[in-house]
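Chain by chain, the residues run as shown.
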Amino acid sequence: MPPGEESEESQRPLLNRVQDSEEDLAEETAYDSSEKVVIVGIDDADFGDWSNTPPFSWKKLWLFTGPGFLMSIAFLDPGNLEGDLQAGAIAGYSLLWLLMWATAMGLLVQLLSARLGVATGKHLAELCRDEYPKWARMVLWVMAELALIGADIQEVIGSAIALKILSNGVLPLWSGVIITAFDCFIFLFLENYGVRKLEAVFAVLIATMAISFAWMFGETKPSGTELLLGILIPKLSSKTVQQAVGVVGCIIMPHNVFLHSALVQSREVDHNKKGRVQEALNYYSIESTVALIVSFGINLFVTTVFAKGFYGTEQASNIGLLNAGQYLQEKYGGGLFPILYIWGIGLLAAGQSSTITGTYAGQFIMGGFLNLRLKKWIRALITRSCAIVPTMIVALVFDTSEDTLDVMNEWLNVLQSIQIPFALIPLLCLVSKEQIMGAFKIGPVLKVVAWLVAVLVMVINGYLLVDFFSSEVNAINFSPWLPFLSSKRLSNTGN
């Protein structure tokens, strides 16, 4: 077969998936054509060879900017912030290098997700529905929904904690959960004004986080030298293994892998022109990298603030989302604007932005796996209800105790860890198949690197599972002996 024919044949499966046949029109899609941002024709007047990639354009980069920042919010949700503050308080500056490399691994996974969405014109949930038998796609759907619900509970609870802080304790957790539940209607309202307006709101929320935590960084004045050494010199001790596992484990969120492959379809890309597809991949790679650099900076601020204030102190092992603001207030006092409220504002922005993106992800996951052609408000209501009902139960049960809330967070982290392979393995399998990706399948080197990263992440999360369940089993086995040991100790004292 001549080289030209082989090249054309290798691209055909890709193009077949985006043609508007009657069957395609009957399927659920991430975005209708009327909702997409049009980029065709911008700075293209002198470019005629679409087998090659057009030259770089700042205007096009601006139009492609958005999906990566929405994706980056999963790196800044309340669960990540709690992991940051605990890593800083217990390990000091020593795990900053791991935070940087974990973010880099997360970037690789998200770029593969974006590549899948751009090259095929379908997102991960839709491709799982098309490529796998019914039993397999139903298992993947259930796992994706469980991962989303687990993440959403942490995000909603984070928002509720922020509201409790900002209201001086007037609003209990359950009322904050109810208030946060209505963010799906805010999301639907904003979505009616177009994708770019929605992305602008998320940009404001990310900027709010950046300003809040940068302000805290400026107030507490962490050591610049120790910060640089923490980033450049890898350190890990037996005392900080659990925090290290937490730093890596909370970076890759299963629902975010599904989300990013759908978000990139918000731009109109002509899949009949290879240069157009490659151009989109290039711009999405740039904007996603910038977005995760910003998220790394925000996580860095949080980690170093708590490293400066609480590393080596008695409070270090007791700090969590619920009491972090109070500890900061006691340590650093009021100032121009009380640090407690700065923390509360940043936490609220993190919680609200991540719950709205969770609603967004839920729509794509449900619509993609089940091919449901429901109105957006109905899908948003179903997605939000799946998370709010268990969250309300959690808020009512755990509102009175910080310890029980920490236990709940540990179980939710375990839930997330179990779900990770059910998102990563399908992604890597699909993005490696020429029948799916055509000319844009990943090469052998990238494939090996991607699988190494995936295996590393799964092993680390497997360690978290083993460690958690072994400690639970030990606690169960040891607890019946406590009364006996206590009485024995008392009798020995009496003798």
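Rules behind the numbers
Residues numbered from 1 in each chain as written. Predicted model: local features only at pLDDT ≥ 70, side-chain atom pairs only at ≥ 80, totals over all residues. Heavy atoms only, no water. Helix = DSSP H or I, 4+ residues; strand = E, 2+ residues; numbered from the N terminus. Buried < 20%, exposed > 50% of the residue type's maximum accessible area, 1.4 Å probe, protein only. Contact = heavy atoms within 4.5 Å. Areas by Shrake-Rupley, 256 points an atom, 1.4 Å probe, with all protein chains shown as cover. Expected span 1.5 Å × (residues − 1). Core = buried A, V, L, I, M, F, W, Y, C linked by side-chain atoms within 4.5 Å. Phe/Tyr/Trp six-rings, centres within 6.5 Å; stacked < 30°, edge-to-face > 60°. Salt bridge = Lys/Arg side-chain N within 4 Å of Asp/Glu carboxyl O. Axes fitted to C-alpha atoms, helices over the stretch in contact; angles between N-to-C directions. Left-handed = near helix turned anticlockwise from the far one by under 90°. Nonpolar A, V, L, I, M, F, W, Y, C, P; charged D, E, K, R; others polar. pLDDT = per-residue confidence, 0-100. Parallel < 35°, antiparallel > 145°, perpendicular 65-115°, else oblique. Disulfide = S-S within 2.5 Å.

A tally of helices and strands in the protein chain yields 23 helices and 0 strands. By residue count, 52% of the 495 residues in the protein chain fall in the buried class. Partitioning the intrachain contacts of the protein chain with sequence separation of at least 6 by distance along the chain shows that 85% fall at a separation of at least 24. Entry remark: accessible area of the protein chain is about 21800 Å², with carbon and sulfur atoms responsible for 65%.

Another aspect to go through is helix 11 (residues 195–220). Here helix 11 spans 38 Å end to end across 26 residues, near enough to the 38 Å set by a 1.5 Å rise per residue. Those residues of helix 11 not exposed but buried are Val195, Leu198, Glu199, Phe202, Leu205, Ile206, Met209, Ser212, Phe213, Met216 and Thr220. Two residues or fewer after helix 11 comes Lys221, characterised by a positive phi angle close to 55°.

If you check the backbone angles, Asn168 has positive phi at about 60° while not being a glycine. Here Asn168 lies in the loop between helix 8 (134–166) and helix 9 (173–181). Notably, Lys221 is not glycine yet its phi reads approximately 55°, a positive angle. Following the sequence through the fold, Lys221 ends up in the loop between helix 11 and helix 12 (224–232).

Membership of the largest hydrophobic core comes to 72 residues, with the highest contact counts inside it found for Leu116, Leu124, Phe258 and Phe369. If we skip the residues at most four places from it in the chain, Leu116 touches Gly121, Lys122, Leu124, Leu127, Leu427, Leu430, Val431, Ile436 and Met437.

Moving on, we get to the packing of aromatic side chains. Applying the stated criterion across every chain yields a total of 11 aromatic pairs. Arranged with centres 5.7 Å apart and planes meeting at 45°, the rings of Phe56 and Tyr283 form a pair that is tilted. Of this pair, Phe56 sits in the loop between helix 2 (22–25) and helix 3 (58–64) while Tyr283 sits in helix 15 (residues 274–310), placing them 227 residues apart in sequence. Tyr283 sits in the buried class, given a relative accessible area of 3%. Measuring from ring centre to ring centre gives 5.1 Å for Phe217 and Phe301, while their planes differ by 50°; the resulting arrangement is tilted.

This next bit is on the pattern of salt bridges. Summed over the entire model, instances satisfying the criterion amount to 8 salt bridges. With its nearest N and O atoms 2.7 Å apart, the salt bridge here joins Glu199 to Arg267. Taken together, the positions of Glu199 in helix 11 and Arg267 in the loop between helix 14 (254–263) and helix 15 put the pair 68 residues apart, joining distant regions of the chain. Both residues of the pair, Glu199 and Arg267, belong to the buried class. A salt bridge links Arg276 to Glu279; the nearest nitrogen and oxygen atoms lie 3.5 Å apart. Here Arg276 pairs with Glu279, and both are found in helix 15, just 3 residues apart, close to one helical turn.

What follows deals with helix 6 (residues 96–120). Taking 1.5 Å of rise per residue, 25 residues should cover 36 Å, and helix 6 covers 36 Å from first to last C-alpha, within 8% of that figure. Counting buried positions along helix 6 yields 20 of 25 residues, so the element is predominantly enclosed. Two residues or fewer past helix 6, Gly121 is found with a positive phi of approximately 75°.

Moving on: the packing of helix 8 against helix 9. Axes are the key here: two packed helices are described by the angle between their axes and the distance separating the axes. Interaxial distance between helix 8 and helix 9 falls to 8 Å at its minimum, and their mutual angle equals 115°. Classified by chirality, the crossing of helix 9 by helix 8 is right-handed. Where helix 8 abuts helix 9, its residues Val156, Ile157, Ser159, Ala160, Ile161 and Leu163 lie against Leu173, Gly176, Val177, Ile179 and Thr180. Broken down by class, the residue content of the contact of helix 8 with helix 9 amounts to 8 nonpolar, 3 polar and no charged.

Another aspect to go through is the confidence of the model for the protein chain. Put simply, the protein chain has an average pLDDT of 81, and 81% of its residues get 70 or more. Considering only residues more than four positions removed or in separate chains, one finds that residues 1–25, a stretch of pLDDT under 50, has 31 contacts. Confidence drops under a pLDDT of 50 for residues 484–495, and excluding neighbours within four residues, the segment shows 1 contact in the predicted structure.

Examined against the element boundaries, Met143 turns out to sit in helix 8. Non-local contacts of Met143, meaning those with residues more than four positions away in its chain, are made with Gln419 and Phe422.

Between helix 11 and helix 17 (residues 339–370), the least distance of the axes is 9 Å, while the angle of their chain directions is 150°. Taken together, helix 11 and helix 17 sit at an angle that is classed as roughly antiparallel. Every pair of crossing elements has a handedness; the one defined by helix 11 and helix 17 is left-handed. Contact residues: Leu198, Phe202, Leu205, Thr208, Met209, Ser212, Phe213, Trp215, Met216 and Thr220 in helix 11; Ile339, Ile342, Trp343, Ile345, Gly346, Leu347, Ala349, Ala350, Ser353, Ile356, Thr357 and Tyr360 in helix 17. Residue composition of the contact of helix 11 with helix 17, by class: 16 nonpolar, 6 polar and no charged.

Enumeration over the complete set of coordinates arrives at 0 disulfides. No disulfide involves Cys128; its sulfur sits 9.6 Å from that of Cys429, the nearest cysteine. Using a relative accessible area of 0% as the deciding quantity, one classes Cys128 as buried. For Cys429, a relative accessible area of 32% puts it in the partly exposed group.

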